[in-house]
Amino acid sequence: MRRLFANRVALATGLIVILMSVLFALSRVAG
Amino acid sequence: MLPYRVRVAVWIIVYLLFILGPLFALLVGALPPARDFWTEFSVALGYAGLAMMSLQFGLTARFRYVTNPWGEDIIYHFHRQISLIAVGLVVAHPLILFAVRPELLALLNSIQAPWRARFAAMSTYSLIALVVMSLWRVKLNIRYETWHLTHILLAIIAVTAGIAHMIGWGFYLVYPWKRALWIGLTIFWIGLLLYIRIIKPLFQLRRPYRVSEVREERGDTWTLVMQPDGHPGFRFTPGQFGWLTVWGSPFKITGHPFSFSSSAAVTDGRVDMTIRNLGDLTSEIHKVPVGKRVYLDGPYGAFTIGNPADMHVLIAGGVGITPMMSMLRTLADHGDKRPVILLYGSRDWESITFREELEALKERLNLTIIHVLSNPPAGWTGEQGRIDAEVFRRHLPPPYADHEYFICGPNVMMDSIEKALGELHVPMSKYHSERYSFV
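What counts as what
Residues numbered from 1 in each chain as written. Chains lettered and ligands numbered in written order. Predicted model: local features only at pLDDT ≥ 70, side-chain atom pairs only at ≥ 80, totals over all residues. Core = buried A, V, L, I, M, F, W, Y, C linked by C-beta atoms within 7 Å. Buried ≥ 20, exposed ≤ 12 C-beta atoms within 10 Å, placed from the backbone. Helix = DSSP H or I, 4+ residues; strand = E, 2+ residues; numbered from the N terminus. Domains from an automatic or database assignment. Pairing = 2+ DSSP bridges. Axes fitted to C-alpha atoms, helices over the stretch in contact; angles between N-to-C directions. Expected span 1.5 Å × (residues − 1). Contact = placed C-beta atoms within 7 Å.

What follows covers the nonpolar core. Ranked by size, the top nonpolar core spans 40 residues in total, and within it B:L23, B:A44, B:Y47 and B:A48 carry the most contacts. Secondary structure elements with two or more residues in this core: α1 (2-30) of chain A together with α1 (4-25), α2 (37-59), α4 (72-100), α5 (115-135) and α6 (144-169) of chain B. With 10 residues, α2(B) is the single largest residue contributor to this core. Formed by 37 residues, the second largest nonpolar core is a distinct cluster that contains B:M325, B:F392, B:M413 and B:M414.

See the structure below:
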């Protein structure tokens, strides 16, 4: 269960990083 | 101490800050003109991917406040999973650029490409080699020690070449303070690795141990009894482990993690490690001569005795009994009478490591032992097969979520026990696990 939770944390971290990279790019293009 | 959920949340927030902080710091101050969305997006992925790769040095630096609240085995598991994601992000960076700006494909020609592109290629190829070697080490027939050394070198090359590529390209790192931030962070993370591999071994060289006894136990298992040589040793809490270097100096990549099996209540610095013959280094343990100088790096791990008010349920498979043995011996030495149930899975009756001593410990503790044998003798009336939710229901008093669970054993057993605890609605904060094959 902890490994499963760790998997989810890793996946969520990846998704957050991708989302933040999109925000980074949008802020640059919009700015 | 903060509640478990809060500690987990703080850990994740700090982890994310280390990745996203340096990325968004790039947006502070005057900026060069923006390029198209996909170029900016791919650049952000590259920066974030490199920050995640650098963080791996921190994850595996064996610091207690990093491994808490997960446990060392889960940290290594997370290290593997997050590495795959980070490598994916780093590789996506050039792939997106090649898709939107095909003229950049010319940079793949390493002979004519500028150094900033060569560094990018070096970093990416190192990362790919690192992942391939890690995922298929056994299939590729690479020795653990060779793999470990190569793993460290490739990681350093990947991160150093990555930062060289960023600086070479300039753009977001034109300003000295931004360069200093990214270079400083990289130096910090690589410094952590050097601390583990050079500074700590230097300390260990001055704090050796001597093997004072090599004792045979049941189940093709041996106990190494070690005494500090010329120093007072270290204190550990029962359930923790150390990295043992038997052959060679602590500078060699030959340390292996083993749990301490002795009581933490001893005051002369003595440390026991009980090691089963599982092939490779462990098959040589019985040949270690008495008086041999060895090196111990420890203690590590958050797998240790819990709240005295809770019933402790210790679940051990095979040589997973060693940290439990340390807990039981320590509780006995402290005269601690908290209720403890030991569920102990073994192959057969004759291979139950510490069988006689466990029986003797029942006299000094409030201890119930349930042996579960996968190959029971004729006439055996006890539990047989594997430890599962049914075994829990037969031997543990409800409510199950009130107890504290400590699990140590082979991966297959750990997975099935964690599943069984889930079926019994035991929250994650109430169980602690340590896999002895986490590297």
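After that view of the structure, there is still more to cover.
All right, on to the domain arrangement of chain B then. Structurally, chain B comprises domain 1 (4-203), domain 2 (209-300) and domain 3 (312-435). Each of domain 1 of chain B and domain 2 of chain B has a C-alpha centre, and these two points are 35 Å apart.

Turning our eyes to something else, we now look at the sheet that holds strand β1 (residues 209-217) of chain B. Residues and elements named next belong to chain B. One open sheet holds the 6 strands; their spatial order is β4-β3-β6-β1-β2-β5, and the pairing between them is antiparallel. Every other strand in the sheet has two partners, leaving β4 (256-259) and β5 (271-276) as the edge strands with one partner each. Going across the sheet, the axis of each strand differs from the next one's by a mean of 40°, ignoring polarity. Summarising the sheet, β1 and strand β2 (residues 221-228) pair through 8 bridges and their orientation is antiparallel. By the bridge assignment for β2, E213 is matched with V225.

On to α1(A), then. Three- or four-residue spacings in an α-helix give side chains the same orientation, since the helix completes a turn every 3.6 residues. Helix length check: α1(A), at 29 residues, gives a terminal C-alpha distance of 41 Å against a target of 42 Å (1.5 Å per residue), a fit within 8%. Among the residues of α1(A), A:R2, A:A6, A:A10, A:T13, A:G14, A:V17, A:S21, A:F24, A:A25 and A:R28 are the ones counted as buried. Where the residues of α1(A) are buried, they touch α1, α2, α4, α11 (411-423) and β12 (431-435) of chain B.

All names here are of chain B. Here we have 6 strands laid out as an open sheet, ordered β10-β9-β8-β7-β11-β12, and parallel in their pairing. Only two strands of the sheet have a single neighbouring strand rather than two, namely β10 (383-384) and β12. Relative to β10, strand β9 (residues 367-373) runs parallel, the two sharing 2 bridges. Following the sheet pairing, V372 is matched in β10 by E383.

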